[in-house]
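# Examination of the molecular architecture
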Amino acid sequence: MTEYLRVEFNEWARAGKGDSMERGHRPVGEQAIEQMGLTAHSRVLDVGCGSGWAARLIAVKAKSGSVIGIDVSDEMIKVAREQSADYANIEYRVASAEDLPFADGDFTHAFSMESLYYYSDIETAVREIRRVLRPGALFVIVVDLYRENEPSHKWIEDLKVPVHLLSTAEYRALLERAGFEHVSDTRLIDPTPVPDAYTGSTFKTREDFVQYRKNGSLMLAARV
């Protein structure tokens, strides 16, 4: 499945979807990053980093620390490296969350924005992320595609790869089974106005878009 994802996401990278994903996800991604309690010396893993936009935001906060972004797509990693050339504290690697090339307890934080549900073995991915986090470390997940957010279910038909559709309770249980503690969840709201005349293809109707915004992005936070 990792190879299938790599091929599909490489196509996304070539089509310039990294920039559109940043525009769509950044308003809530910024909110989540603000709640991570990052310090100048944090060492952060960005899981499914795509074009690296979140890694760059994190790198500004962890200015004396480091950020490593991983993605299964070598083309996305190429884009991320090109767009992050001015950031000395960011490194990117082609890797899967199901088999992380890092030592136990290597990071103070991990961040995953709209990526976790793509992994075929999501249980292994979450256990691997916990393994590379040191005691007291924080893992923050943000997903728009979750069971309670019904308008987002349309994406399952549109995507060319299988995904997991989990509820909030199922995500919490997943984290707890992996050994995370103090699991919490909240919703983040994108304040960007919905156009009066919606002509996009992401949602079936403007009403679906409005409901999607009202439901918000699901953010989960958990400690090691």
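Values in this document were obtained by computation on a predicted structure and should not be read as measured data.

## Re the pattern of salt bridges
- One pass over the full model with this rule turns up 11 salt bridges.
- Where Glu30 meets Arg26, a salt bridge forms, and the shortest distance between an N and an O atom there is 2.8 Å. On the criterion of helical spacing, the pair formed by Glu30 and Arg26 is a turn pair, its members being 4 residues apart in helix α2 (residues 17–34).
- Among the ionic contacts, a cluster of salt bridges with common partners joins Asp104, Glu128 and Arg131.

## Remarks on the nonpolar core
- Counting 47 residues, the largest nonpolar core has Leu45, Ile129, Leu133, Tyr171, Leu175 and Phe180 as its most contacted members.
- Elements with a minimum of two residues in this core: β1 (43–47), β2 (66–71), β4 (107–113), α5 (122–131), β5 (133–143), α7 (168–177), α8 (206–215) and β7 (217–223).
- If one sorts the elements of this core by residue count, β5 sits on top with 5 residues.
- Sequence-distant contacts of Leu45, defined by excluding residues within four places in its chain, comprise Ile68, Ile70, Leu100, Phe102, Phe107, His109, Ala110, Phe111 and Val132.
- In terms of nonpolar packing, the next biggest core, distinct from the first, is built from 25 residues, Val44, Cys49, Ile58 and Phe111 among them.

## Describing the pairing of β4
- Within β4, 7 of the 7 residues are buried, which leaves it mostly tucked inside the rest of the structure.
- Alignment of β1 against β4, held across 4 bridges, turns out to be parallel. Paired with Val44 across the two strands is His109, which belongs to β4.
- Sheet topology places β4 next to β5; 6 bridges connect them, and they run parallel. Of the residues in β5, the one forming a bridge with Ala110 is Phe139.
- Read as a crossover between parallel neighbours, the route from β4 over α5 to β5 is right-handed.

## A short note on α8
- Every buried residue of α8 is accounted for by Phe209, Tyr212, Arg213 and Asn215. Projection of α8 onto a plane perpendicular to its axis shows the buried side chains occupying an angular sector of 160°, all on one side. Across α8 from its buried face, at more than 90 degrees, point the exposed residues Glu207 and Lys214.
- Phi for Gly216, located one or two positions after α8, is positive at around 80°.

## A few points about the sheet that holds β7
- If you trace the 7 strands from one edge of the open sheet to the other, you get β3-β2-β1-β4-β5-β7-β6, paired in mixed fashion. If you trace the sheet from one side to the other, it starts and ends with β3 (90–94) and β6 (181–188), each paired once. Averaged over neighbouring strand pairs, the angle between their axes works out to 15° when direction is ignored.

## Thoughts on unusual backbone geometry
- Of note in this structure, Glu114 is not a glycine but carries a positive phi near 55°.
- Among the structural elements, Glu114 can be located in the loop between β4 and α5.
- Its identity as a non-glycine residue notwithstanding, His182 has a phi of 50°, on the positive side.
- Look at His182 and you get exposed, because its relative accessible area is 66%.

## A few points about the packing of aromatic side chains
- Tallying each qualifying case throughout the model produces 9 aromatic pairs.
- Judged by centre distance (5.0 Å) and plane angle (15°), the ring pair of Phe203 and Phe209 falls under stacked. Here Phe203 and Phe209 have matching classes, each one buried.
- Relative to Tyr212, the ring of Phe209 has its centre 6.2 Å away and its plane inclined at 40°; by these criteria the two rings are tilted. In this pair, Phe209 and Tyr212 both sit in helix α8, 3 residues apart, roughly one turn of the helix.

## Some points on the side chain of Asn89
- Here Asn89 is to be found in the loop between α4 (74–83) and β3.
- The exposure class of Asn89 is buried, given its relative accessible area of 14%.
- Within polar-contact distance, the side chain of Asn89 engages the backbone oxygen of Ala59 at 3.0 Å.
- Ignoring anything within four residues of it in the chain, the contact list for Asn89 reads Ala59, Ala62, Lys63, Gly65, Ser66 and Val67.

Cut-off values and rules
- Residues numbered from 1 in each chain as written.
- Predicted model: local features only at pLDDT ≥ 70, side-chain atom pairs only at ≥ 80, totals over all residues.
- Heavy atoms only, no water.
- Salt bridge = Lys/Arg side-chain N within 4 Å of Asp/Glu carboxyl O.
- Helix = DSSP H or I, 4+ residues; strand = E, 2+ residues; numbered from the N terminus.
- Core = buried A, V, L, I, M, F, W, Y, C linked by side-chain atoms within 4.5 Å.
- Buried < 20%, exposed > 50% of the residue type's maximum accessible area, 1.4 Å probe, protein only.
- Contact = heavy atoms within 4.5 Å.
- Pairing = 2+ DSSP bridges.
- Right-handed = clockwise from strand over helix to strand, strands pointing away.
- Arc of directions from axis to C-beta.
- Axes fitted to C-alpha atoms, helices over the stretch in contact; angles between N-to-C directions.
- Phe/Tyr/Trp six-rings, centres within 6.5 Å; stacked < 30°, edge-to-face > 60°.
- Polar contact = N/O pair within 3.5 Å; in protein donor to acceptor, adjacent residues only side chain to side chain.

Remember that the coordinates give geometry; whether it matters functionally is a separate question.
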